[in-house]
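What follows is each chain in one-letter form.
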Amino acid sequence: IDSPHRPFTKHVYTRDFLWAPQGDQLSRFPLHSSGVGSGVGGGIRPLHEDILIAKLRPGQVIELEAHARKGVGKDHAKFSPVATASYRLMPHV
């Protein structure tokens, strides 16, 4: 995260997330030797590693614990990828 050309602002990207396996997750999601999931942290990595999460000033830190649950649209509509959203500007003249 340290950047010599940014002495006062640290940029935190998704590539900075580290996976800490719990229980039997290491056997279910093994470390890969190449491609997605390679490197420190192991088998679970962000798909896009260049997404900016935050810009930190001196003395600021982020402490994060995240939990994920995979679901399907049959269980709940929030898991359905076919939701349609639209917006139409209707000016009054």
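Details of the packing of aromatic side chains
Right, on to step 1. For the structure on display, the rule yields one aromatic pair.
Right, on to step 2. Geometry around Y13 places R15 over its ring, the cationic atom sitting 4.3 Å from the centre.

Quick word on the layout of surface pockets
Empty pockets left among the atoms are what a rolling probe the size of a water molecule brings to light.
Right, on to step 1. Here the largest pocket is characterised by a volume of approximately 1000 Å³.
Right, on to step 2. For the largest pocket, the lining is made up of 28 residues, of which F17, L18, L64, E65 and A66 are closest to its centre.
Right, on to step 3. At the level of secondary structure, the elements contributing two or more residues to the lining of the largest pocket comprise β1 (10-13), α1 (25-28) and β2 (52-56).

Observations concerning a nonpolar patch on the surface
Right, on to step 1. A contiguous nonpolar patch, built from F17, I51, I53, I62 and L64 and spanning about 450 Å² of accessible area, is present on the exposed surface.
Right, on to step 2. Tracing the backbone through its elements, the reader meets L64 in the segment after β2.
Right, on to step 3. Residue classification places L64 among the exposed positions, given a relative accessible area of 58%.

A word on the pattern of salt bridges
Right, on to step 1. One pass over the structure, following the stated rule, counts one salt bridge.
Right, on to step 2. The closest approach of N and O atoms between E49 and R45, which form a salt bridge, is 3.6 Å.
Right, on to step 3. When its relative accessible area of 35% is taken as the criterion, E49 is described as partly exposed.
Right, on to step 4. A residue is classified by how much of its surface remains accessible, and R45, at 16% relative accessible area, is buried.

Thresholds, definitions, all that
Residues numbered from 1 in each chain as written. Predicted model: local features only at pLDDT ≥ 70, side-chain atom pairs only at ≥ 80, totals over all residues. Heavy atoms only, no water. Phe/Tyr/Trp six-rings, centres within 6.5 Å; stacked < 30°, edge-to-face > 60°. Lys NZ or Arg CZ within 6 Å of the ring centre and 35° of its normal. 1 Å grid on protein atoms, 1.4 Å probe; cavity = no way out; pocket = protein on both sides within 12 Å on 5 of 7 lines; lining within 4 Å. Points joined across faces, edges and corners; volume = space filled by probe spheres on them. Helix = DSSP H or I, 4+ residues; strand = E, 2+ residues; numbered from the N terminus. Patch = residues over 30% accessible without salt bridge, like charges linked within 9 Å, V, L, I, M, F, W, Y side chains within 5 Å. Areas by Shrake-Rupley, 256 points an atom, 1.4 Å probe, with all protein chains shown as cover. Salt bridge = Lys/Arg side-chain N within 4 Å of Asp/Glu carboxyl O. Buried < 20%, exposed > 50% of the residue type's maximum accessible area, 1.4 Å probe, protein only.

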